[in-house]
Amino acid sequence: QSPLPNQKDWEKLLLIVENCMPVFYARITTDHLLTRQQLLVCILVRLGFTSSEISILFDTSQQSITNMKIKINDKLFHEKSAATLEKNLKRLEV
């Protein structure tokens with residue numbers, strides 16, 4: 001069995017976040033701006049995972065994750081930066 005998360009694992013994570021962080025989940029899923037992978041990256045960033053850790057979970061490069069974080073930050077907050085994504089995501093729960 002692969003050590004990487006499978007579809008079922010990601011579904012469980014989405015359900016947990018929806019139940020435990022409903023305001024955050026609602027705000028990142030409203031308007032369907034994000035792809036499924038972007039949504040998962042968003043959640044992992046909010047949970048404190050680093051780009052390096054996320055890249056391992058998605059079996060991709062750190063640069064790919066950084067680029068995705070920039071796209072997410074631009075879509076949700078109109079900021080073209082990966083560095084401020086975590087701070088911006090935390091603000092969604094206030």
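Everything below is about the structure shown above.
Fair warning: this is a prediction, and the values are worked out from it, not measured in the lab. (Residues numbered from 1 in each chain as written. Predicted model: local features only at pLDDT ≥ 70, side-chain atom pairs only at ≥ 80, totals over all residues. Heavy atoms only, no water.)

Asker: Sorry, what's going on with the nonpolar core here?
Answerer: Side chains of a nonpolar character, in soluble globular proteins, are inclined to be buried together. By size, the foremost hydrophobic cluster in this structure holds 26 residues, and its most contacted members are Ile28 and Leu89. Secondary-structure elements contributing two or more residues to this core are α1 (7-20), α2 (22-29), α3 (36-46), α5 (62-77) and α6 (85-91). If one sorts the elements of this core by residue count, α3 sits on top with seven residues. Setting aside residues up to four positions removed in sequence, Ile28 forms contacts with Leu34, Leu39, Cys42, Ile43, Leu76, Leu89 and Leu92. (Core = buried A, V, L, I, M, F, W, Y, C linked by side-chain atoms within 4.5 Å. Buried < 20%, exposed > 50% of the residue type's maximum accessible area, 1.4 Å probe, protein only. Helix = DSSP H or I, 4+ residues; strand = E, 2+ residues; numbered from the N terminus. Contact = heavy atoms within 4.5 Å.)

Asker: Sorry if this is basic, but what is going on with the pattern of salt bridges here?
Answerer: Where charged atoms from two side chains of opposite charge approach closely, those side chains can pair. Per the counting criterion, the structure on display carries three salt bridges. Glu11 serves as the salt-bridge partner of Arg36, at 2.8 Å between the closest nitrogen and oxygen. Of this pair, Arg36 sits in helix α3 while Glu11 sits in helix α1, placing them 25 residues apart in sequence. When the shortest N-O distance is used, the salt bridge between Asp74 and Lys80 registers 3.0 Å. The exposure class of Asp74 is partly exposed, given its relative accessible area of 26%. Judged by relative accessible area, which is 68%, Lys80 ranks as exposed. (Salt bridge = Lys/Arg side-chain N within 4 Å of Asp/Glu carboxyl O.)

Asker: Honestly, the environment of Ile65 in this entry has me stumped. Any pointers?
Answerer: Along the chain, Ile65 turns up in helix α5. Along the chain, Ile65 and Gln38 lie 27 residues apart, while their C-alpha atoms are 9.2 Å from each other. Those residues in contact with Ile65, other than ones at most four positions away along the chain, are Val41, Ser51, Ile54, Ser55, Phe58 and Thr60.

Asker: What exactly am I supposed to notice about the packing of aromatic side chains here?
Answerer: Aromatic ring pairs are reported here in terms of the distance separating the ring centres and the angle at which the planes meet. Under the criterion given, the structure shown has one aromatic pair. On the basis of an interplanar angle of 10 degrees and a centroid distance of 5.1 Å, the ring pair of Trp10 and Phe58 is categorised as stacked. With Trp10 in helix α1 and Phe58 in the loop between α4 (51-57) and α5, this residue pair connects regions lying 48 residues apart in the sequence. An identical accessibility class is assigned to Trp10 and Phe58; each is buried. (Phe/Tyr/Trp six-rings, centres within 6.5 Å; stacked < 30°, edge-to-face > 60°.)

All we've got here are geometric facts, nothing functional implied.
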